[in-house]
Amino acid sequence: MGSKVFTLGVQLRPGDRMRFATKAIHAGQEPDPRTGAVTPPIYATSTYSRKGQDAYAYARSANPTRDALQQSLAALESGKHALAFSSGMGAITTALTLLKKGDHVLVTDDCYGGVYRIFTRIMSQYGIESTFLDLRDLVDVEDAFRPETRILWMESPTNPLMKVVDLKELAFIAKAHEALSVCDSTFASPALQNPLALGVDLVVHSTTKYLGGHADLLGGALVMNRDDIHEKLKFSQNALGAVPSAFDCWLALRGIKTLPVRMERHCDNAEMLSKFLKDHKAVAKVHYPGLPDDPGHGIAKKQMRRFGGMLSFELRDSTRLVERLKRLEVILLAESLGGVESLIEHPASMTHTSVPKEQREKQGITDGLVRFSVGLEDAQDLTEDLGRALG
Ligand SMILES: *Cc1c(COP(=O)(O)O)cnc(C)c1O
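(A) Here's a closer look at the sheet that holds strand 3 (residues 129–133). In spatial order, the strands read 1-7-6-5-4-2-3; together these seven strands make up an open sheet with mixed pairing. The open sheet has two edge strands with one neighbour each: strand 1 (81–85) and strand 3. On average, adjacent strands in this sheet sit at an angle of 20° to one another, irrespective of strand direction. Across five bridges, strand 2 (residues 104–108) lies against strand 3 in parallel orientation. Directly across from Val-107, in strand 3, lies its bridge partner Phe-132. Against the sheet, helix 2 (residues 64–76) makes contact with strand 1 and strand 7 (220–224), and its axis sits at roughly 130° relative to strand 1, the strand it touches most.

So this is what it looks like as structure tokens:
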């Protein structure tokens, strides 16, 4: 993996002297100064004695295991600051405290279902309007800005259609309109894409996915360079209280150490599976930016190191689709993604039920669409498993 991208436009900090795989293991994870313990301890405490120190007061405000995770996350994105949360949605809710009544937000139409839900069902109650649109059309994006547009909310690649948007161009457009650019980079993980280096103001991760990587924790993160945004969000992190437990921080740190090697294998397997599916007679279409004829291929090549472990595909025949997916023996029918085990799911009846059917179909989330988080199993076992289930 090249190290070039990590220093683009970002002031050099000690962690930046290390390359990505080294940072994943060492940034924020120095041996414990008191005991030399190689693995950062789990500080399971809700409060701290103030007799000998004033840095730590109460665990909602700060915890040393969380500090270690935050340092690690900042280093992975070559960002100045990171904040860790109890879930991706906890991070997102906290980011939305940057908005106030009367503000307007532009959101990618193919967004995470929970993001659609929070904008349409919750933020709307607080006088914050949102417009959902396809961010691949930059002219449409320009036209959609209003004087009160405060945030441009991007995801890339998107969920579940794997659309890739031009983060550098979009960050530039947002800046010209004095709006904040936010990118949910969960599908790429910091191993494949670093939005801050492309000019994006705020990066969102659900650490539940690739960063944790083992389907055993819930967590979220916000990473940024700007001190003013960090001050506001750190205040909101403590005020809202969507903070992770020390144990979940420790699990995330443990997962992060192998992120670079895991992502290589996720990408290898997804590249192979995307070709297998493309050639399969039951499959009408494969959405994967790694395929040379995918509409997102060109931009993905520019802004990502590889094409990721997520893909989706459309079956020609959608009858009893979920029943057929239950026939899989290696690949599990389950929501979520980014873990070592392959997971497959049906967006129309599982992850995207909060998006109304009409809106879903307009976006291309058809009843025949299947989302596939390609795991680290032997690729041959995965193709054989899919071959059996698809018939
Ligand atoms: C899972 C996910 C989230 C939400 O994260 P949780 O940890 O489940 O709260 C947000 N964005 C994307 C792209 C996700 O995949």
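(B) Representation of the site of the ligand. Around the ligand lies a shell of 13 residues, among which Gly-88, Met-89, Asp-184, Thr-208 and Lys-209 are the nearest. Here a nitrogen atom of the ligand sits 2.6 Å away from a polar atom, N or O, in the side chain of Asp-184. At 2.8 Å from an oxygen atom of the ligand is found a side-chain nitrogen or oxygen belonging to Lys-209. For the ligand, whose unbound accessible area comes to 380 Å², protein coverage reaches 93%. A per-element tally of the shell around the ligand places helix 3 (residues 88–95) first, with three residues.

(C) Geometry of the nonpolar core. Membership of the largest hydrophobic core comes to 59 residues, with the highest contact counts inside it found for Leu-277, Leu-311, Phe-313, Ile-344, Phe-372 and Leu-386. Looking at this core element by element, the count peaks at six residues for helix 10 (residues 259–278). Of the residues that make up this core, three or more belong to each of domain 1 (61–257) and domain 2 (259–390). Not counting residues up to four positions away in its chain, the partners in contact with Leu-311 are Met-162, Ala-270, Leu-273, Ser-274, Leu-277, His-287, Tyr-288, Val-370, Arg-371, Phe-372 and Val-374. Residues Leu-99, Ile-128, Leu-202 and Leu-233 belong to the second largest nonpolar core, which totals 28 residues.

(D) Region of the structure containing the pattern of salt bridges. Counted by the stated rule, this structure contains 21 salt bridges. Residues Asp-134 and Lys-163 are paired through a salt bridge, measuring 3.6 Å at the closest nitrogen-oxygen approach. Taken together, the residues Asp-134 in the loop between strand 3 and helix 5 (138–144) and Lys-163 in the loop between strand 4 (149–155) and helix 6 (167–176) connect sequence positions 29 residues apart. By relative accessible area, Lys-163 is classed as buried at 9%. In this structure, Glu-323 engages Lys-326 in a salt bridge whose closest nitrogen and oxygen atoms are separated by 3.7 Å. Here Glu-323 falls in the partly exposed class, since its relative accessible area comes to 45%. Taken together, the shared-partner salt bridges in this structure form one network comprising Asp-109, Asp-134, Arg-136 and Lys-163.

(E) Quick peek at the environment of Leu-240. Here Leu-240 shows up in helix 8 (residues 227–240). By relative accessible area, which is 44% here, Leu-240 ends up partly exposed. Along the backbone, Leu-240 and Arg-136 are 104 residues apart, and their C-alpha atoms lie at a distance of 34 Å. Sequence-distant contacts of Leu-240, defined by excluding residues within four places in its chain, comprise Thr-93, Thr-94 and Thr-97.

(F) View of helix 4 (residues 113–122). Of the residues making up helix 4, those classed as buried are Gly-113, Gly-114, Val-115, Tyr-116, Ile-118 and Phe-119. Looking at the packing, one finds that the buried side of helix 4 touches helix 3, strand 2, strand 3, strand 4 and helix 13 (357–363).

(G) Examining the sheet that holds strand 8 (residues 283–287) more closely. Judged by pairing direction, the sheet is mixed, and its five strands sit side by side in the order 8-9-12-11-10 without closing on themselves. Of all the strands in the sheet, just strand 8 and strand 10 (332–333) have a single pairing partner and so form its edges. Across three bridges, strand 11 (residues 343–345) lies against strand 12 (residues 369–373) in antiparallel orientation. Its bridge partner being in strand 12, Glu-345 is matched across the sheet by Arg-371. Lying over the sheet, helix 10 contacts strand 8, strand 9 (310–315) and strand 12, oriented at roughly 10° with respect to strand 9.

(H) Representation of the confidence of the model for the protein within the structure. Of the residues in the protein, 96% reach a pLDDT of 70 or more, and the chain-wide mean stands at 94. With pLDDT under 50 throughout, residues 1–12 is counted as low confidence; its partners more than four residues away or in other chains account for 25 contacts.

(I) View of helix 2. Taking 1.5 Å per residue as the helical rise, helix 2 with its 13 residues ought to reach 18 Å, and the 18 Å between its terminal C-alpha atoms agrees with that figure. Burial in helix 2 covers these residues: Pro-64, Thr-65, Arg-66, Ala-68, Leu-69, Gln-70, Ser-72, Leu-73, Ala-74, Ala-75 and Leu-76. With a side-chain oxygen positioned 2.8 Å from the backbone nitrogen of Thr-65, the residue opening helix 2 is Asn-63.

Parameters at a glance
- Residues numbered from 1 in each chain as written.
- Predicted model: local features only at pLDDT ≥ 70, side-chain atom pairs only at ≥ 80, totals over all residues.
- Heavy atoms only, no water.
- Pairing = 2+ DSSP bridges.
- Helix = DSSP H or I, 4+ residues; strand = E, 2+ residues; numbered from the N terminus.
- Axes fitted to C-alpha atoms, helices over the stretch in contact; angles between N-to-C directions.
- Contact = heavy atoms within 4.5 Å.
- Near = heavy atom within 4 Å.
- Polar contact = N/O pair within 3.5 Å; in protein donor to acceptor, adjacent residues only side chain to side chain.
- Areas by Shrake-Rupley, 256 points an atom, 1.4 Å probe, with all protein chains shown as cover.
- Core = buried A, V, L, I, M, F, W, Y, C linked by side-chain atoms within 4.5 Å.
- Buried < 20%, exposed > 50% of the residue type's maximum accessible area, 1.4 Å probe, protein only.
- Domains from an automatic or database assignment.
- Salt bridge = Lys/Arg side-chain N within 4 Å of Asp/Glu carboxyl O.
- pLDDT = per-residue confidence, 0-100.
- Expected span 1.5 Å × (residues − 1).

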